[in-house]
Amino acid sequence: MNRSLSLPTADRHQPALSLSVIFAPIQTELAQVERQLFNWAKASSPALRDIARQTVSRPGKLIRPGLFLLITGYFGYDNKDKIKIAATIEAIHSASLIHDDIIDSSALRRGQATAFKAFGPEFSLLFGDYLFIKSIGRALEFKNNKIAEILAEASGQMIEGEIEELAQSFNLELTEKAYFKIIGKKTASLFQASCRLASELAGTPAEIKSELETYGFNLGLVFQIVDDLLDLKGETRETGKSRFSDLREGRITLPLIRAIKTWPEEQKKKVAGWLKRRHGEWPEPVVSFNDFLLELETGGALGSSLKTAEKLAERAKACLAKLEASPYQESLIKLTEFVLKREK
Ligand code: FPP
Ligand code: MG
């Protein structure tokens, strides 16, 4: 079945700006970050080089280092270690994705085979560990202890969030509160830490620092809700990832939680049965992913999840009210739009 489904949106008529426009004020620094990440592969031992090339040296959207650089840029903070810190943030993110792809049995990322698919779980697990511990080691090289402290704390949160998500797989009773706790830890914690690191280093007044952390946290929540919607609605050629991965792995995301609330007990039992037939072995044509998706859409679960993301994006934007107008502040505002409207 190939029904064309469109995501109900409040303001999707206006496409989001491209990241290259949003990151224009930090273009040079981001290019340096990319170069450092690229050099990870060169600096790795021959056994690690290919897997490094496939992962950390192929940077993605660079949103987390982008946040760090926009905020340090806003405050005029400049230091020789700035680029290295931004690259370390991205390397931690990259390590987490390598592990996540093993956990989710994901074959595709950024349009190419995941390390899990290309090198197998053993190499991927070890390379993820290596990248992670090297990143923390780098963070310890900086004179300011706060850097390693903030990054280690966020990493711990990410691991907790991922464990909790895994533990709750196939649990159709998962509450929204529990979902938000999971995504707060697994995703929003590193967004928040990137903002915290930047304001900590720039010596920002406590009041602004806390607003920027809340901005980062809410932006991270928006990012993950949209990620969960894209898993259902996104085109692989855009997202670079396999569609319906959450359903295959039994991950209970916001649209599903909202739909389940409206289902009678009988239907819940039926769906629980389908979900447990893991890795796509759904009893089609009794139910196909597209039928399921249509149900989530017509029942309003997709639209209401997007509305929640929109509200959180507004909340994130409101946290920037105390910043003075500047190209950096403008980019932080536009970044909320990008994260909300992104299609990849
Ligand atoms: C992506 O979620 C995963 C994360 C945001 C966090 C993953 C964290 C870990 C695996 C813990 C290990 C952490 C470190 C620091 C080594 P997703 O599966 O919803 O997103 P996807 O669609 O991009 O796969
Ligand atoms: Mg995943």
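Now for a description of the structure that goes with this document. Since we're looking at a predicted model, the values are computed, not measured. (Residues numbered from 1 in each chain as written. Chains lettered and ligands numbered in written order. Predicted model: local features only at pLDDT ≥ 70, side-chain atom pairs only at ≥ 80, totals over all residues. Heavy atoms only, no water.)

Concerning the overall build of the chain
Next up, step 1: Across its full length, the chain holds 16 helices and 2 strands.
Next up, step 2: Taken against the 2.2 N^0.38 rule, which gives 20 Å for 344 residues, the C-alpha radius of gyration of the chain at 20 Å falls within 12% of a compact globule.
Next up, step 3: In the chain, buried positions account for 52% of the 344 residues.
Next up, step 4: Partitioning the intrachain contacts of the chain with sequence separation of at least 6 by distance along the chain shows that 78% fall at a separation of at least 24.
Next up, step 5: Within the structure as shown, the chain displays about 15700 Å² of accessible surface, and the carbon and sulfur contribution to it stands at 53%.
Next up, step 6: Placing the 48 positive and 45 negative side-chain charges of the chain at their respective mean positions leaves the two points 2 Å apart. (Helix = DSSP H or I, 4+ residues; strand = E, 2+ residues; numbered from the N terminus. Rg over C-alpha atoms; globule rule 2.2 N^0.38 Å. Buried < 20%, exposed > 50% of the residue type's maximum accessible area, 1.4 Å probe, protein only. Contact = heavy atoms within 4.5 Å. Areas by Shrake-Rupley, 256 points an atom, 1.4 Å probe, with all protein chains shown as cover. Lys, Arg positive; Asp, Glu negative; His and termini not counted. Charge placed at Lys NZ, Arg CZ, Asp CG, Glu CD.)

Description of the environment of Ile 85
Next up, step 1: Of note, Ile 85 is situated in helix α5 (residues 82-103).
Next up, step 2: Measuring from C-alpha to C-alpha, the distance between Ile 85 and Lys 177 comes to 33 Å, with 92 residues separating the pair along the chain.
Next up, step 3: If we skip the residues at most four places from it in the chain, Ile 85 touches Phe 68, Phe 142, Ile 147, Leu 197 and Leu 201.

Considering the side chain of Lys 268
Next up, step 1: Structurally, Lys 268 is set in helix α13 (residues 265-276).
Next up, step 2: In contact with Lys 268, other than residues within four places in its own chain, are Leu 172, Glu 173, Ile 260 and Trp 263.

A few points about the nonpolar core
Next up, step 1: If you look at the biggest cluster of nonpolar residues, it comprises 97 residues, and the most contacted ones within it are Phe 68, Tyr 215, Leu 256 and Leu 335.
Next up, step 2: Setting aside residues up to four positions removed in sequence, Phe 68 forms contacts with Lys 82, Ile 85, Ala 86, Ile 89, Ser 194, Leu 197, Ala 198 and Leu 201. (Core = buried A, V, L, I, M, F, W, Y, C linked by side-chain atoms within 4.5 Å.)

Some remarks on the side chain of Asp 246
Next up, step 1: Note on placement: Asp 246 falls in helix α11 (residues 245-249).
Next up, step 2: One buried charged residue, Asp 246, remains without a salt bridge, the closest side chain of opposite sign being Arg 251 at 5.5 Å.
Next up, step 3: For Asp 246, the residues in contact, after removing those within four places along its chain, are Asp 228, Asp 231, Arg 251 and Thr 253. (Salt bridge = Lys/Arg side-chain N within 4 Å of Asp/Glu carboxyl O.)

What to know about the site of ligand 1
Next up, step 1: Lining the immediate surroundings of ligand 1 are 14 residues, of which Asp 100, Asp 104, Arg 109, Lys 186 and Lys 241 lie closest.
Next up, step 2: Side-chain polar atom of Lys 186 to an oxygen atom of ligand 1: 2.7 Å apart, as the coordinates give it.
Next up, step 3: A distance of 2.7 Å separates an oxygen atom of ligand 1 from a polar side-chain atom of Lys 241.
Next up, step 4: For ligand 1, the accessible surface in isolation is 630 Å², of which the surrounding protein chains cover 92%.
Next up, step 5: Of all the elements in the fold, those that place two or more residues in the shell around ligand 1 are α5, α7 (145-167), α8 (176-202) and α9 (206-233).
Next up, step 6: At 4 residues, α5 tops the list of elements feeding residues into the shell around ligand 1.
Next up, step 7: Tallied by class, the residues present in the shell around ligand 1 amount to 3 nonpolar, 4 polar and 7 charged. (Near = heavy atom within 4 Å. Polar contact = N/O pair within 3.5 Å; in protein donor to acceptor, adjacent residues only side chain to side chain. Nonpolar A, V, L, I, M, F, W, Y, C, P; charged D, E, K, R; others polar.)

Re unusual backbone geometry
Next up, step 1: Unlike most non-glycine residues, Leu 62 shows phi in positive territory, near 60 degrees.
Next up, step 2: Turning to its location among the elements, Leu 62 is positioned in the loop between α3 (46-54) and α4 (63-74).
Next up, step 3: Classification of Leu 62 as buried rests on a relative accessible area of 6%.
Next up, step 4: Backbone geometry places Phe 244, a non-glycine residue, at a positive phi of 65 degrees.
Next up, step 5: By the element assignment, Phe 244 lies in the loop between α10 (236-239) and α11.

Structural notes on the pattern of salt bridges
Next up, step 1: In the structure shown here, the tally under the stated rule is 26 salt bridges.
Next up, step 2: Here Arg 258 and Glu 176 are joined by a salt bridge, their closest N and O atoms 2.6 Å apart. Of the two residues, Arg 258 sits in helix α12 (residues 254-261) while Glu 176 sits in helix α8, which places them 82 residues apart along the sequence. Considered together, Arg 258 and Glu 176 belong to a single accessibility category, that of buried residues.
Next up, step 3: Between Lys 334 and Glu 330 there is a salt bridge, and its shortest N-O distance comes to 2.8 Å. Of this pair, Lys 334 and Glu 330 both sit in helix α16 (residues 327-341), 4 residues apart, which is roughly one turn of that helix.
Next up, step 4: By relative accessible area, Lys 334 is classed as partly exposed at 29%.

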